[in-house]
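Inside the fold
Given next are the chains, with one letter for each unit.
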Amino acid sequence: MSGNKTIKSALISVFSKDGLAPIVKKLNEQGVTIYSTGGTQKFINDLGINVVPAEDITSYPSILGGRVKTLHPKIFGGILNRQDNAQDVAELAEFDIPQIDSVIVDLYPFEKTVASGASNQDIIEKIDIGGISLIRAAAKNYKDVICVSSVNDYQEFLDLISKNNGSTTEADRKHFAAKSFNVSSHYDSAIFNYFNKNNEIASLKISETQGKVLRYGENPHQKGFFFGDFEAMFDKLHGKELSYNNLLDVDAAVNLMNEFKGDAPTFAILKHNNACGLAQRNTIHQAYVDALAGDPVSAFGGILISNTEIDIATANEIHKLFCEVVIAPSFSNKALEILKGKKNRILLVQKDVELPQTTVRTCLNGALVQERDNITDSRDMLTTATNNSPSEAELEDLLFASKLCKHTKSNTIVLAKNKQLCASGTGQTSRVDALNQAIHKAQSFNFDLKGAVMASDAFFPFPDCVEIADNAEITAVIQPGGSIKDQLSIDYCNENNLTMVMTGTRHFKH
């Protein structure tokens, strides 16, 4: 049957009672017969509203500690029967099955229970069986039944039945059915991912129920969407809506600055997912000034990020620059007042949230999934490959440059000195080209490369890069090593008084 249907009966079995009372009162006011179980039944009784226990339909009590309450033919027959099918209607009469034309469910909070660090047994008990079955049955039979599948939809349902005096159209019911299958598929994906957290089964289940339509994608002619809980990671204090490209840059900025979490004041400026400025200093103000000096041209329209609170002195400097986004753990009140002076400038407070441990990207007609690159090169990983060892200052610069190199598009070479990015060669097809690009850029901004260090995301198959670096008066090199011709580069360094350390870890980024 199509067209309007007036709700005459409702089965209600929910975890969250928030916002349920107005619905129950409205249904009662409209003369709807209400069926329920357990805690929901008690909640409705406490409202002073008559409710028929599900046990009165099934002639079975809730059993197995509440694991089985509604799983019975008299419940599911009442939901799944087709009102335009004479045989179905006859069987309802024959077996004394009541017609149920609305179902309201809110599932056990499985994901919240997992996130709470609960025991495996507690998590298992939060796998809803009856509720998910009710949702699927009611949504399948949307031509005759309306299904409310989440506390998030209580208000929409209440508005609908209040406006139309309990009447729903087939379009209304199909709309709620789509929402219901969204809930059930997400719920099942979460359960699978919990059971498959060690990736024993090579199957990809991604489900994000929070989506946002963006102004456009990477370019104006492309549609764009963001799926995820942005508010869990940031408090947006000011500015326009973030674009697709803004979000990509914010992601790159957060991942880079994560390498400097807890370190001395560090500031980075990014453009097109790559850092064009990075510096670590005693104050965040000086860190910003020196990061900007790395490439004041590219910084225009960039994404700025700090690993510590932005103060008034830093804000005054930032305010002179046109930038899209400024990210920090916090802003002083005065700094915030200054930075809000540009109405479109996006200001984000980053929360302390763990980043996803896998990365996913489309590839051909499928997807590529990998573990996050969680290795940060550190002192205990380094092997000195040359006769000379780096000085303490060189060692600190090498590790600083290596952190940045890890988050720069391959092929890449990063040049740094005194914990400041001098320049990087990014996304080149040749490592030699990346180095030449970096040297040219550093010199164009008047950096003195004498005593600077060089970081490479992958090994050197030939000694040409160390020779070019030597000619630019760079004195120390950090690289993964692993080439069958490593010795050629080592020999050149030994012959020309350069130092080289190897990490044993490659950091390609494509």
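This section reports on the structure supplied with the text.

A word on a nonpolar patch on the surface
Taken together, the side chains of Leu204, Ile206, Val360 and Val369 present a nonpolar region at the surface, about 350 Å² in accessible area. Mapped onto the secondary structure, valine 360 falls in strand β16 (residues 358–363). By relative accessible area, which is 43% here, valine 360 ends up partly exposed.

Structural notes on the pairing of strand β12 (residues 274–280)
Taking burial as the measure, the 7 residues of β12 include 7 buried ones, the bulk of the element. Both strand β11 (residues 266–271) and β12 contribute to a ladder of 6 bridges, which runs antiparallel. The partner of lysine 271 across the bridge, within β12, is asparagine 274. Where β11 hands over to β12, the hairpin turn is made up of 2 residues, of which histidine 272 adopts a positive phi near 50 degrees.

Some remarks on the pattern of salt bridges
Counted according to the given criterion, the structure contains 18 salt bridges. Among the salt bridges present, the one from lysine 42 reaches aspartate 46, with a minimum N-O distance of 2.9 Å. In this pair, lysine 42 and aspartate 46 are both assigned in helix α2 (residues 38–46), 4 residues apart and thus about one turn of the helix distant. A relative accessible area of 53% means that lysine 42 is categorised as exposed. Glutamate 317 is the salt-bridge partner of lysine 320, the closest N and O atoms lying 3.3 Å from each other. Look at lysine 320 and you get exposed, because its relative accessible area is 65%. By relative accessible area, glutamate 317 is classed as partly exposed at 25%. Because the salt bridges share partners, they merge into one network encompassing Asp153, Glu156 and Lys179.

A look at unusual backbone geometry
Geometrically, the link from serine 410 to asparagine 411 is a cis peptide bond, its omega value of -15 degrees lying close to zero. Turning to its location among the elements, asparagine 411 is positioned in the loop between α16 (392–406) and β19 (413–416). Backbone geometry places histidine 272, a non-glycine residue, at a positive phi of 50 degrees. Within the secondary structure layout, histidine 272 lies in the loop between β11 and β12. What makes histidine 272 exposed here is its relative accessible area of 63%. At asparagine 418, a residue that is not glycine, the phi angle is positive and equals roughly 55 degrees. Mapping asparagine 418 onto the fold places it in the loop between β19 and β20 (421–425). The class of asparagine 418 is exposed, set by a relative accessible area of 51%.

Observations concerning helix α18 (residues 464–471)
Side chains of residues three or four places apart in an α-helix project in the same direction, reflecting 3.6 residues per turn. For α18, the full list of buried residues reads Cys465, Val466, Ala469 and Asp470. Looking straight down α18, one finds that the buried residues subtend no more than 135 degrees of arc, so they occupy a single side. The elements touched by buried residues of α18 are α17 (431–444), β21 (453–456), β22 (476–479), α19 (486–495) and β23 (499–502). At the C-terminal side of α18, glutamate 473 shows a positive phi close to 70 degrees.

Focus on the sheet that holds β11
Paired through backbone hydrogen bonds, the strands of a sheet run either parallel or antiparallel to each other. Pairing within the open sheet is mixed, and its 6 strands lie in the order β10-β15-β14-β13-β11-β12. In this open sheet, the two strands that pair with only one neighbour each are β10 (234–238) and β12. Each strand axis lies, on average, 20 degrees off the axis of its neighbour in the sheet, ignoring direction. Of the pairings in the sheet, the one linking β10 to strand β15 (residues 346–350) comprises 4 bridges and is antiparallel in character. Bridge pairing in β15 links aspartate 235 to valine 349. Strand contacts of helix α13 (residues 284–293): β11, β12 and β13 (302–306), with the helix running at about 30 degrees to β11, the strand carrying the most contacts.

Each value, and the rule that gives it
- Residues numbered from 1 in each chain as written.
- Predicted model: local features only at pLDDT ≥ 70, side-chain atom pairs only at ≥ 80, totals over all residues.
- Heavy atoms only, no water.
- Patch = residues over 30% accessible without salt bridge, like charges linked within 9 Å, V, L, I, M, F, W, Y side chains within 5 Å.
- Areas by Shrake-Rupley, 256 points an atom, 1.4 Å probe, with all protein chains shown as cover.
- Salt bridge = Lys/Arg side-chain N within 4 Å of Asp/Glu carboxyl O.
- Helix = DSSP H or I, 4+ residues; strand = E, 2+ residues; numbered from the N terminus.
- Buried < 20%, exposed > 50% of the residue type's maximum accessible area, 1.4 Å probe, protein only.
- Pairing = 2+ DSSP bridges.
- Arc of directions from axis to C-beta.
- Contact = heavy atoms within 4.5 Å.
- Axes fitted to C-alpha atoms, helices over the stretch in contact; angles between N-to-C directions.

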